[in-house]
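Chain residues, written in single-letter form:
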Amino acid sequence: MKTNQNSRRDFLATSLIAGAALAGCSNKNPFTTEEIPDVKASGEMVKLLSVDGEIIEVDKAFLKPVPTLPAVMNTEAREGITGKKFVMVIDLSRCKSVKKCQTACNHMHHIHPGQNWIKVYPIQEAEHTAPYWQPTTCMHCDEPPCVKVCPVDATFKRKDGIVLIDSDRCIGCRFCMAACPYSTRVFNWEQPLLEKEIAEKPYSCETSVPQKKGTVGKCDFCPDMVRQGNLPHCVSACPNGVFMFGDILEDTVTNGAETFRFSELIRDKAGYRLMEDLGTKPSVYYLPPVNRNFPFENKEDAADPKKG
Amino acid sequence: MDKLTESKIIEDLFPQKFGKIGQIWVLSLLLLCALGAFAYGRQLYYGLEVTAMRDYVSWGIYISNFVFFVAISLVGSLITAVLRLTNVKWSTPLTRIAEIIAVSAITFASLIIIVDMGRPERFYNLFLHGRLQSPIIWDVIVITTYFFISLLLLYFPLLPDLKILIGFKERNGKWLQKLYVFLGSFWNNSLAQFKITDKAINILAIAIIPVAFSIHTVTSWLFATTYRPGWDSTNFGAYFISGAFLVGAGGVVVAMYIFRIHYKLEKYITNDHFDRMGKVLVMLALLYLYFNVNEFLVPAFKMKKSEEEHLLGLFTGEFAPIFWFAIFTAMFIPIFILLFKKGRRPLPAFIAGVLVVVGSWFKRFLIVTPTLLHPFLPMHDVPASYHHYIPTWEEWAIAIGSLAGALLVITFFARIFPIIPIHETILETESNENK
């Protein structure tokens with residue numbers, strides 16, 4: 001009887017590890033048991049929730065800490081999160097180009113030095129109109145021109161509205177860069193400068209890490225953070241609460257400190273999207289730079305906010 | 001003028017060994033190719049970093065070169081198919097020249113597009129994960145089709161000539177004889193075989209016209225399916241096709257002249273051929289000019305804000321020298337030369353052809369790069385080097401190497417096979433005498 005139980009526990013533990021390994025798309029064969037042959041039961045039991053929703057007990061000795069691995073498989077990352085439709089609102093009246101968003105984004109995605117996924121543009125539409133700062137992320141368009149032209153389905157649109165890139169599939173033709181009217185995409189012209197530990201990770205579409213030589217990268221709306229119930233890095237990094245992120249189906253957006261009803265915010269502040277005339281239907285909305293918190297001071301290139 | 005007998009024609013048109021000039025020519029082309037290969041080796045090792053392309057100018061002279069190759073390859077269909085189907089007899093000595101230009105150019109178009117890829121080793125993804133909605137996949141499909149039709153259009157008319165070549169066993173040497181036998185030993189000059197190839201060539205000649213239009217229209221759509229000022233044009237397909245016929249015909253005139261001088265083919269590629277090709281070239285240059293007027297003057301009349309910077313950059317700004325150089329060398333000057341009868345003699349026609357080809361190359365550069373320097377949102381938050389595009393030596397070496405490679409293919413072809421169809425020339429001489 002005892003042996004029977006043991007083998008059941010063995011089986012459970014193995015399948016747990018196998019499950020974890022599978023979920024992490026590790027290169028190791030998940031169906032092998034050879035990693036735990038000489039583990040002795042310690043007698044200390046731990047309660048766990050099985051995949052079927054049952055509470056099970058497993059000997060602590062059979063548990064193994066799983067290294068931080070991408071949370072979902074590539075196939076699932078391509079699907080997206082069911083029942084969600086993500087949206088971002090950028091309040092231009094709050095931006096003074098502190099660029100904490102950019103720094104956080106570059107840091108968390110390990111972007112090659114000199115490149116940025118988030119850009120903060122000094123915009124002046126015409127000679128006598130007011131200049132303002134305009135941060136841009138990927139617009140995660142509902143009619144994404146980049147996805148339309150990709151020959152190998154390396155960049156794709158998910159059901160939750162996010163547009164991502166599979167850097168393991170991208171052939172580096174750069175058609176998507178030519179197609180994107182928002183100039184949001186960057187290319188890894190050389191081997192990205194990465195720590196060894198990061199470079200050796202398996203690529204995940206949801207973290208967009210690690211960037212790979214000869215492939216395209218861009219803002220990904222941080223779906224890995226969203227999956228954990230956190231906000232994208234730019235949103236939480238901004239000291240002025242410029243970025244608000246949320247779910248259009250729940251009709252809420254938040255910058256962490258404040259939460260708004262999306263529809264009311266857009267209605268009351270006359271929100272708009274960039275280049276609406278192109279028909280790309282972006283998921284990023286802008287609130288006009290009125291009643292601004294800060295005056296516009298362009299220290300970085302006082303020379304030319306040439307074009308609007 | 002001496003009478004052209006069958007043996008004289010064979011003697012004149014038989015493929016010749018490289019002379020001193022030929023050897024120097026081949027050697028220099030090989031050196032250029034080797035330099036290009038070396039540069040490509042560096043690019044494979046270091047990544048596309050070795051080029052001057054960056055996030056804004058993400059397509060550079062590789063893509064212009066690709067468009068140029070696709071353009072010049074269209075001539076195969078013009079000379080072989082269009083003139084054949086319209087029963088134009090004078091083009092017979094030019095068909096093979098046009099076809100080999102087509103085959104070699106389309107081959108190098110495919111190669112240069114692979115050179116442009118960031119991950120060339122993932123080329124197979126196009127077949128594994130290809131999505132029919134991407135214009136790149138359309139290009140892959142039509143270019144492959146065009147390559148094979150062109151190859152067949154080169155091969156079928158070659159069969160009777162191979163039969164003649166096989167007859168000169170000692171002269172050919174071991175290797176060439178083996179090649180000729182491999183390619184054409186089944187041909188026995190029977191009526192049935194002629195009937196079948198005639199039919200096949202007719203079918204191919206009809207099939208190649210829509211395919212030829214497709215390759216360059218689809219290539220134009222790589223640009224026209226985007227929103228960018230300078231590319232977002234409904235004129236693009238026709239503009240590209242007319243430009244392609246122009247540069248292709250220019251290329252044929254250049255090749256005609258060089259083959260005529262080098263192989264002393266004055267009796268076969270006559271002054272009359274230059275006169276007629278000169279007229280074709282004028283017509284095509286005027287046609288291309290017409291589409292250029294549409295392409296530039298209509299948006300310039302409106303000067304939409306997004307187009308303004310791009311157009312002014314071409315007319316009077318950063319790219320004005322290249323723009324006007326291209327317009328004058330590819331169109332105005334050749335039109336001026338070739339409108340006059342004296343201008344359609346071999347040498348001036350040759351010069352006009354060279355101008356067309358050179359001008360057209362720069363025209364392709366202007367189609368690709370300036371647009372990318374004028375994105376909708378201003379260039380910002382990038383290193384200063386991203387604001388300009390001056391190709392690096394690696395890019396030039398690879399681009400020139402690919403051009404040299406295409407010339408090398410044509411050169412070797414002319415060394416191995418008769419560049420003017422022997423059999424058809426004999427037939428036509430006979431039928432002229434019987435008249």
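Residues numbered from 1 in each chain as written. Chains lettered and ligands numbered in written order. Predicted model: local features only at pLDDT ≥ 70, side-chain atom pairs only at ≥ 80, totals over all residues.

### A word on the overall build of chain B
Here comes step 1: Of the regular secondary structure elements, chain B holds 17 helices and zero strands.
Here comes step 2: Seen along its three principal axes, the alpha-carbon backbone of chain B occupies a region of about 70 × 50 × 45 Å.
Here comes step 3: The 435 residues of chain B split such that 47% are buried.
Here comes step 4: Of all intrachain contacts in chain B linking residues separated by at least 6 positions in sequence, the fraction that spans at least 24 positions is 82%. (Helix = DSSP H or I, 4+ residues; strand = E, 2+ residues; numbered from the N terminus. Buried ≥ 20, exposed ≤ 12 C-beta atoms within 10 Å, placed from the backbone. Contact = placed C-beta atoms within 7 Å.)

### Points about the overall build of chain A
Here comes step 1: A tally of regular secondary structure across chain A gives nine helices and 13 strands.
Here comes step 2: Put simply, chain A has 308 residues, and 42% of those count as buried.
Here comes step 3: Of the contacts formed within chain A by residues at least 6 apart in sequence, a portion of 61% connects residues at least 24 apart.

### Digging into the pairing of strand E5 (residues 132-136) of chain A
All names here are of chain A.
Here comes step 1: With five of five residues buried, E5 is to be regarded as a mostly interior element.
Here comes step 2: Where strand E4 (residues 119-123) meets E5, five bridges bridge the pair, whose relative direction is antiparallel. Looking at the pairing, Tyr121 lines up with Gln134 of E5. (Pairing = 2+ DSSP bridges.)

### Some words on the nonpolar core
Residue and element names in this part refer to chain B.
Here comes step 1: Ile101, Ala249, Val252 and Leu281 are the most contacted members of the largest nonpolar core, which totals 195 residues.
Here comes step 2: Broken down by element, the residue count for this core peaks at 16 residues, all from helix H11 (residues 236-262).
Here comes step 3: If we ignore the near neighbours within four places in the chain, the residues touching Leu281 are Ala249, Gly250, Val253, Pro334, Leu338, Ala352 and Val356. (Core = buried A, V, L, I, M, F, W, Y, C linked by C-beta atoms within 7 Å.)

### Overview of the sheet that holds strand E11 (residues 252-254) of chain A
Residue and element names in this part refer to chain A.
Here comes step 1: The strand order across the open sheet built from five strands is E12-E11-E10-E3-E13, with neighbouring strands paired in mixed fashion. A strand with exactly one partner marks an edge of an open sheet, and here the two such strands are strand E12 (259-261) and strand E13 (284-287). When the angles between neighbouring strand axes are averaged without regard to direction, this sheet yields 25°. (Axes fitted to C-alpha atoms, helices over the stretch in contact; angles between N-to-C directions.)

### A look at the interface of chain B and chain A
Here comes step 1: The interface is formed by 35 residues belonging to chain B together with 38 residues belonging to chain A.
Here comes step 2: Mapped onto the side of chain B that touches chain A, the elements with two or more residues apiece are helix H6 (125-128) and helix H7 (135-155) of chain B.
Here comes step 3: When residues in the side of chain B that touches chain A are grouped by element, the largest group, three residues, is from H7 of chain B.
Here comes step 4: Of the residues in the side of chain B that touches chain A, the class split is 16 nonpolar, 11 polar and eight charged. (Nonpolar A, V, L, I, M, F, W, Y, C, P; charged D, E, K, R; others polar.)

### Some remarks on the confidence of the model for chain B
Here comes step 1: In the predicted model, chain B carries a mean pLDDT of 93, and the fraction of residues at 70 or more is 99%.
Here comes step 2: Reported confidence for the predicted complex is 0.91 by ipTM and 0.88 by pTM. (pLDDT = per-residue confidence, 0-100.)

### Brief notes about unusual backbone geometry
Residues and elements named next belong to chain A.
Here comes step 1: Residue Val209 is joined to Pro210 through a cis peptide bond whose omega torsion reads -5°.
Here comes step 2: Tracing the chain through its elements places Pro210 in the loop between helix H6 (196-199) and strand E9 (216-217).
Here comes step 3: Of note in the backbone geometry, Asn291 takes a positive phi value of approximately 50° without being a glycine.
Here comes step 4: As for its position among the elements, Asn291 is in the segment after E13.
Here comes step 5: Looking at Asn291, the number of C-beta atoms within 10 Å reads 8, which means it is exposed.

### Quick notes on helix H3 (residues 100-108) of chain A
Residue and element names in this part refer to chain A.
Here comes step 1: For H3, every residue scored as buried is listed here: Cys101, Gln102 and Cys105. With its buried residues spanning 95° around the axis, H3 presents them on a single face.
Here comes step 2: In this structure, the buried residues of H3 make contact with E4, E5, helix H8 (233-237) and strand E10 (243-247).
Here comes step 3: Just beyond H3, the residue with positive phi is His110, at close to 50°. (Arc of directions from axis to C-beta.)

### Considerations on the environment of Cys101 of chain A
Residues and elements named next belong to chain A.
Here comes step 1: Structurally, the position occupied by Cys101 is in helix H3.
Here comes step 2: Taking the number of C-beta atoms within 10 Å as the measure of exposure, Cys101 has 28 and is therefore buried.
Here comes step 3: On a C-alpha basis, the gap between Cys101 and Lys159 in space is 26 Å, while along the polypeptide they are 58 residues apart.
Here comes step 4: Once you skip the residues sitting within four places of it in the chain, Cys101 turns out to touch Ile118, Pro135, Cys234, Ala237, Cys238 and Phe243.

### A look at the pairing of strand E1 (residues 45-49) of chain A
Residues and elements named next belong to chain A.
Here comes step 1: With respect to burial, E1 is a largely exposed element, only zero of its five residues being buried.
Here comes step 2: Bridge count between E1 and strand E2 (residues 55-59): five bridges; the pairing is antiparallel. Each bridged residue has a counterpart across the sheet, and for Lys47 the counterpart in E2 is Glu57.
Here comes step 3: Joining the antiparallel neighbours E1 and E2 is a turn of five residues, in which Gly53 adopts a positive phi near 90°.

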